[in-house]
Amino acid sequence: MARVCQVTGKKPITGHHVSFSNIKTKRRFLPNLQKKRFFLAEEDRWITMKVSADALRTINKRGLYVVVKELRAAGQQI
């Protein structure tokens, strides 16, 4: 499964390891993803989402139902 946040769309980015002698080698920066179960009270069911830590803060601030409604409007299956 892809390492992409379902809410924010964050995904791995590339950069460099930089050694003491300034030699640069490729590396990947991975998002802080968590597999999390949420209880959607409006539908009386549990949903599982792969979200970043940043997305958890967004859900806490705006509310789960609002975020899920926007994701469904964008065409995601939840």
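Below is a summary of the structure that appears in this document. Nothing here was measured: the structure is a model prediction, and the numbers come from that model. (Residues numbered from 1 in each chain as written. Predicted model: local features only at pLDDT ≥ 70, side-chain atom pairs only at ≥ 80, totals over all residues. Heavy atoms only, no water.)

**Quick word on unusual backbone geometry**
With glycine set apart, most residues show a phi of negative sign, and most peptide bonds adopt trans. Keep this limit in mind: Only DSSP runs of H or I with at least four residues qualify as helices, and only runs of E with at least two residues qualify as strands; both kinds are numbered from the N terminus onward. Burial classes: relative accessible area under 20% of the type maximum marks a residue as buried, over 50% as exposed, and values in between as partly exposed (1.4 Å probe, protein chains only).
Of note in this structure, Asn22 is not a glycine but carries a positive phi near 70°. A positive phi angle is found at Asp44, which is not glycine, with a value near 55°. Mapped onto the secondary structure, Asp44 falls in the loop between strand S3 (33–40) and strand S4 (45–52). Residue Asp44 is classed as exposed on the basis of its relative accessible area of 62%.

**Digging into the pattern of salt bridges**
Side-chain pairs of opposite charge can arise where the charged atoms are in close proximity. Put simply, the test is: Here a salt bridge means any side-chain nitrogen of Lys or Arg lying within 4 Å of a carboxyl oxygen belonging to Asp or Glu.
Counted according to the given criterion, the structure contains 4 salt bridges. One salt bridge connects Arg45 with Glu43, and the closest N-O pair in it is separated by 2.9 Å. Judged by its relative accessible area of 32%, Arg45 falls in the partly exposed class. The residue Arg62 makes a salt bridge to Glu70 at a minimum N-O spacing of 2.5 Å. You can call Arg62 partly exposed: its relative accessible area is 39%. The partly exposed category is assigned to Glu70, whose relative accessible area is 42%.

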